[in-house]
Structures are given as structure tokens and as C-alpha cells.
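# Remarks on the overall topology
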Amino acid sequence: MSEFYIRPIEETDKDEWLELWSGKHGYLEFYKTILSPKTSDATFKRFFDSDYTMWCAVAISKQTQKLIGFTTYLTHLSTWSENNYMYLNDLFVKEDCRLKGVGRKLIEFVYRQAELKKSEKVYWCTQTFNHRAQILYNKVGIYENFVQYAKDPDYKIEE
Ligand SMILES: CC(C)(COP(=O)(O)OP(=O)(O)OC[C@H]1O[C@@H](n2cnc3c(N)ncnc32)[C@H](O)[C@@H]1OP(=O)(O)O)[C@@H](O)C(=O)NCCC(=O)NCCS
């Protein structure tokens with residue numbers, strides 16, 4: 001029997017979620033990123049605001065009732081579909097809880113939500129060197145031959 005379960009995040013989860021999100025050995029640290037508390041607060045609020053199509057699900061240890069992982073996901077329009085696409089934005093499992101199927105179950109939760117929201121596609125990206133995540137992704141997804149780019153912050157548009 002599974003030692004954890006997955007459910008949508010609740011407002012009372014905020015402190016524990018923040019610990020996994022921006023605490024020591026948390027998700028932002030994994031990405032060597034610092035976000036202002038204001039941004040993290042805005043993100044958390046949006047999970048519960050029906051004006052936004054952005055959600056979060058959490059994994060809970062049955063033994064401790066503590067949060068041990070989370071995923072965030074959002075829907076957006078696509079020129080390639082009359083329905084929406086679902087983008088899995090973030091996925092994180094606490095270091096000492098990994099390799100027990102938590103990551104896979106969080107992804108499966110998103111897959112189910114995508115069915116409910118009639119999303120035509122569920123997709124996500126990862127860093128080329130994140131081999132650990134890719135072992136899981138190769139089991140639950142297919143590799144698409146895209147390379148991701150972002151605007152160069154120093155790029156100047158010529159007048
Ligand atoms: C990526 C991450 C979410 C995976 O979570 P997890 O709970 O360990 O994932 P799971 O246990 O569900 O799945 C891991 C799978 O990879 C396999 N795996 C992982 N490392 C492996 C290794 N070194 N050798 C063989 N198989 C390995 C496991 O056997 C498992 O497969 P299974 O479901 O068939 O048993 C977790 O490692 C994490 O949070 N990493 C840091 C943040 C991160 O990289 N997030 C993703 C950003 S895109």
C-alpha cells in the first residue's frame with residue numbers, strides 16, 4: 001500500500017508549501033533561484049483564485065501528514081487546438097522521499113486533471129542535464145524534439 005496520497009493544495013498548506021518551495025534544499029534552491037516573498041505569495045494565492053487557470057497538487061505522507069512534494073500546472077490556449085493545453089510548470093519531491101513513486105503519482109494527478117479540463121496535451125520541460133528527472137519522464141511521457149529558448153535580457157531591439 002502506498003505511503004502517501006495526492007490532493008489539491010489547501011490554503012492551510014501555505015507554510016509547508018513555502019518550505020518545499022523556497023526553504024532549505026527546496027525547489028527554488030534546486031534551480032539556484034531566489035524569488036521575492038511577494039512573488040511566492042502571489043503564486044500561492046493564484047492556486048485558489050478562479051480568475052487564474054493555475055493550480056497546485058501536493059503529496060502528503062500518511063505517516064506524518066506532512067507535505068513531501070508538489071506539482072503546479074496551468075492551462076493555456078493554443079493556435080493548434082480548439083481546446084486548451086496543460087503545462088506542468090513545477091515538480092518537486094523532498095529529497096528523503098524520492099524514488100518511492102511520488103513524482104510519478106504527482107504527474108498522474110496532472111494527467112487526470114488534464115482529462116477533466118479537456119486539455120488536448122500535457123507537456124513540460126526540464127534541463128538537459130536533469131537526468132534523474134528524465135528517467136521518470138521517459139517512463140510517463142515521450143521526448144519531443146524541441147529546444148527551449150528565452151529572450152536574452154540584454155537583447156536590444158534596433159530602432
Ligand atoms: C524528479 C523528481 C520529481 C522525481 O521524483 P521521485 O518521487 O523520485 O520520482 P518517482 O519515484 O516517481 O520516479 C522515479 C523513477 O525513476 C527511476 N530512477 C530514478 N533514478 C534512477 C536511477 N539512478 N537508476 C534507475 N532508475 C532510476 C525510478 O526507479 C522511478 O521509476 P519507477 O516509477 O518505474 O519505479 C525528484 O527527483 C525531484 O524532486 N528532483 C528535484 C527537482 C526536479 O528535478 N524537479 C523536476 C524539474 S523538471
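Residues numbered from 1 in each chain as written. Predicted model: local features only at pLDDT ≥ 70, side-chain atom pairs only at ≥ 80, totals over all residues. Heavy atoms only, no water.

## Section: the overall build of the protein
Assigned secondary structure in the protein consists of five helices and five strands. Ordered by position in the sequence, the α and β elements of the protein form the string β-α-α-α-β-β-β-α-β-α. What you see for the protein is a C-alpha radius of gyration of 17 Å, in line with the 15 Å of a compact globule of 159 residues. Going through the 159 residues of the protein one by one, you find that 36% of them count as buried. A separation of at least 24 residues holds for 58% of the contacts in the protein among residues at least 6 apart in sequence. With an accessible surface of roughly 11500 Å², the protein has 54% of that area assigned to carbon and sulfur atoms. Averaging the positions of the 22 positive and the 23 negative side-chain charges in the protein gives two centres separated by 6 Å. (Helix = DSSP H or I, 4+ residues; strand = E, 2+ residues; numbered from the N terminus. Rg over C-alpha atoms; globule rule 2.2 N^0.38 Å. Buried < 20%, exposed > 50% of the residue type's maximum accessible area, 1.4 Å probe, protein only. Contact = heavy atoms within 4.5 Å. Areas by Shrake-Rupley, 256 points an atom, 1.4 Å probe, with all protein chains shown as cover. Lys, Arg positive; Asp, Glu negative; His and termini not counted. Charge placed at Lys NZ, Arg CZ, Asp CG, Glu CD.)

## Side note on unusual backbone geometry
Even without a glycine there, the phi angle at His25 is positive, about 60°. Here His25 lies in the loop between α1 (14-22) and α2 (27-30). Phi at Lys118 is positive, roughly 55°, even though this residue is not glycine. Positionally, Lys118 belongs in the loop between α4 (102-116) and β5 (121-123). Residue Lys118 is classed as exposed on the basis of its relative accessible area, which comes to 58%.

## Concerning the side chain of Asp13
Mapped onto the fold, Asp13 is located in the loop between β1 (4-8) and α1. Relative accessible area serves as the criterion here: at 6%, Asp13 is assigned to the buried category. Those residues within four positions of Asp13 in sequence are excluded, and the remaining contacts are Arg7, Phe44, Val58 and Leu67.

## Side note on the site of the ligand
Looking at the ligand, there are 21 residues lining it, with Leu91, Val93, Leu99, Arg104 and Asn130 nearest. Gly103 places a polar main-chain atom, nitrogen or oxygen, 2.9 Å from an oxygen atom of the ligand. Separating an oxygen atom of the ligand from a side-chain N or O atom of Lys139 is a distance of 2.9 Å. The protein chains hide 76% of the 950 Å² of surface that the ligand would expose on its own. Of all elements in the fold, only β4 (85-93), α4 and α5 (131-140) reach the threshold of two or more residues within the shell around the ligand. At six residues, α5 tops the list of elements feeding residues into the shell around the ligand. Residue classes in the shell around the ligand are distributed as twelve nonpolar, four polar and five charged. (Near = heavy atom within 4 Å. Polar contact = N/O pair within 3.5 Å; in protein donor to acceptor, adjacent residues only side chain to side chain. Nonpolar A, V, L, I, M, F, W, Y, C, P; charged D, E, K, R; others polar.)

## A word on the state of the cysteines
Counted by the stated rule, this structure contains zero disulfides. Take Cys56: it sits in no disulfide, and the sulfur closest to it among the cysteines is that of Cys97, at 16 Å. A disulfide-free cysteine, Cys125 has its sulfur positioned 17 Å from the sulfur of Cys56, the nearest such atom. (Disulfide = S-S within 2.5 Å.)

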